[in-house]
Amino acid sequence: MATKKKKKSTAGENEIITLTNVCKAYSTGAPALKDVNLRINRGEFVFIVGDSGSGKSTLIKLLLRELTITSGYINVMEYDLSKIKHRKIPKFRRNLGVVFQDFRLLKDRNVYENVAFAQRVIQKSNKEIKRNVPSILAVVGLAGKYKAKPRQLSGGEQQRVALARALVNQPTVLLADEPTGNLDPTNSWEIMKLLEQINQNGTTVIVVTHNREIVNAMRKRVVTLKKGVIISDEEEGGYIDED
Ligand code: ADP
Ligand code: MG
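Residues numbered from 1 in each chain as written. Chains lettered and ligands numbered in written order. Predicted model: local features only at pLDDT ≥ 70, side-chain atom pairs only at ≥ 80, totals over all residues. Heavy atoms only, no water.

## Concerning helix 5 (residues 155-167)
Now for step 1: Under the 1.5 Å per step criterion, the end-to-end length of helix 5 is 18 Å for 13 residues, consistent within 8% with the ideal 18 Å.
Now for step 2: Inspection of helix 5 places Gly156, Glu157, Gln158, Gln159, Arg160, Val161, Ala162, Leu163, Ala164, Arg165, Ala166 and Leu167 among the buried residues, and these make up the whole buried set.
Now for step 3: Tucked into the core, helix 5 has its buried residues touching strand 6 (96-100), helix 3 (111-121), helix 4 (126-139), strand 7 (173-177) and helix 6 (185-200). (Helix = DSSP H or I, 4+ residues; strand = E, 2+ residues; numbered from the N terminus. Expected span 1.5 Å × (residues − 1). Buried < 20%, exposed > 50% of the residue type's maximum accessible area, 1.4 Å probe, protein only. Contact = heavy atoms within 4.5 Å.)

## Describing the domain arrangement of the protein
As a measure of interface size, the accessible area lost when the parts come together is often cited.
Now for step 1: Each assigned domain of the protein is listed with its residue range as follows: domain 1 (14-95 + 171-236) and domain 2 (105-170).
Now for step 2: Computed over C-alpha atoms, the centres of domain 1 and domain 2 are 24 Å apart.
Now for step 3: Each partner contributes to the interface: domain 1 provides 13 residues, whereas domain 2 provides 12 residues.
Now for step 4: Taking both sides of the interface into account, the surface hidden between domain 1 and domain 2 amounts to around 1,100 Å²; carbon and sulfur atoms contribute 71%.
Now for step 5: On the domain 1 side of the interface with domain 2, the three residues burying the most area are Arg94, Pro171 and Leu194, jointly 42% of the side's total.
Now for step 6: Inspection of the domain 1/domain 2 interface yields 0 salt bridges. (Domains from an automatic or database assignment. Buried area = accessible area lost by both parts, 1.4 Å probe. Salt bridge = Lys/Arg side-chain N within 4 Å of Asp/Glu carboxyl O.)

## Notes on the environment of Leu175
Now for step 1: Looking at the secondary structure, you find Leu175 in strand 7.
Now for step 2: Classification of Leu175 by relative accessible area gives buried; the value is 0%.
Now for step 3: In this structure, the C-alpha to C-alpha distance between Leu175 and Val98, residues 77 residues apart in sequence, is 4.8 Å.
Now for step 4: Those residues within four positions of Leu175 in sequence are excluded, and the remaining contacts are Ile60, Leu63, Leu64, Leu96, Gly97, Val98, Val99 and Ile206.

See below:
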């Protein structure tokens with residue numbers, strides 16, 4: 001039975017991510033996130049910045065429902081993530097694309113197969129796969145490299161494969177945790193421009209980054225975490241210089 005409620009003209013109907021008083025504590029150490037309140041609307045582009053250990057990856061893992069919150073409320077794409085049933089998690093994740101710093105490609109598969117894999121998981125037909133994979137590879141500028149194995153590609157190219165894999169199922173939300181962390185400045189800019197283009201086509205994009213030059217230049221919403229607390233949240237913000 002489908003139990004997903006259709007919200008109609010309620011306040012915040014455009015909201016796609018809601019965190020209210022979210023705390024996340026691991027079994028050891030101080031809480032990784034403390035009383036986090038965050039609202040993100042459909043179609044936004046948001047940078048998450050902050051020092052190492054400030055809770056950025058924890059936040060991304062909560063949004064993916066890879067981790068559960070310790071207290072508070074979290075809703076992503078109309079799923080209440082503290083109540084979601086385990087059997088519903090795969091369906092929830094179908095609408096999320098994820099990209100990591102270390103690419104996480106299948107090393108023994110070529111570019112085409114790495115991207116096709118994401119479609120096979122959700123049981124797309126071969127006919128659809130043959131149509132969708134080349135078209136998304138063209139979007140990330142890798143149409144000519146579909147036969148290459150990851151080790152034959154540069155870091156920037158590997159991240160573009162990972163991006164294609166994240167996008168091929170047309171996610172509603174794209175989460176990227178330090179996607180340019182292993183890239184040189186030129187490739188970092190190319191990846192960020194692709195993320196911006198994806199956002200302009202309607203996908204909600206959330207990017208964790210340390211790249212202050214890019215954050216300052218792109219004039220997007222910037223949420224800054226410090227020791228598990230949101231210390232600033234600014235439209236067209238910049239990287240906060242501290243100390
Ligand atoms: P960031 O991504 O901003 O560097 P993290 O979210 O990875 O920060 O970590 C936030 C805090 O939570 C850090 O103090 C880190 O040591 C701690 N932490 C992260 N993962 C775990 C874990 N699996 N077990 C215990 N503590 C963790
Ligand atoms: Mg991290």
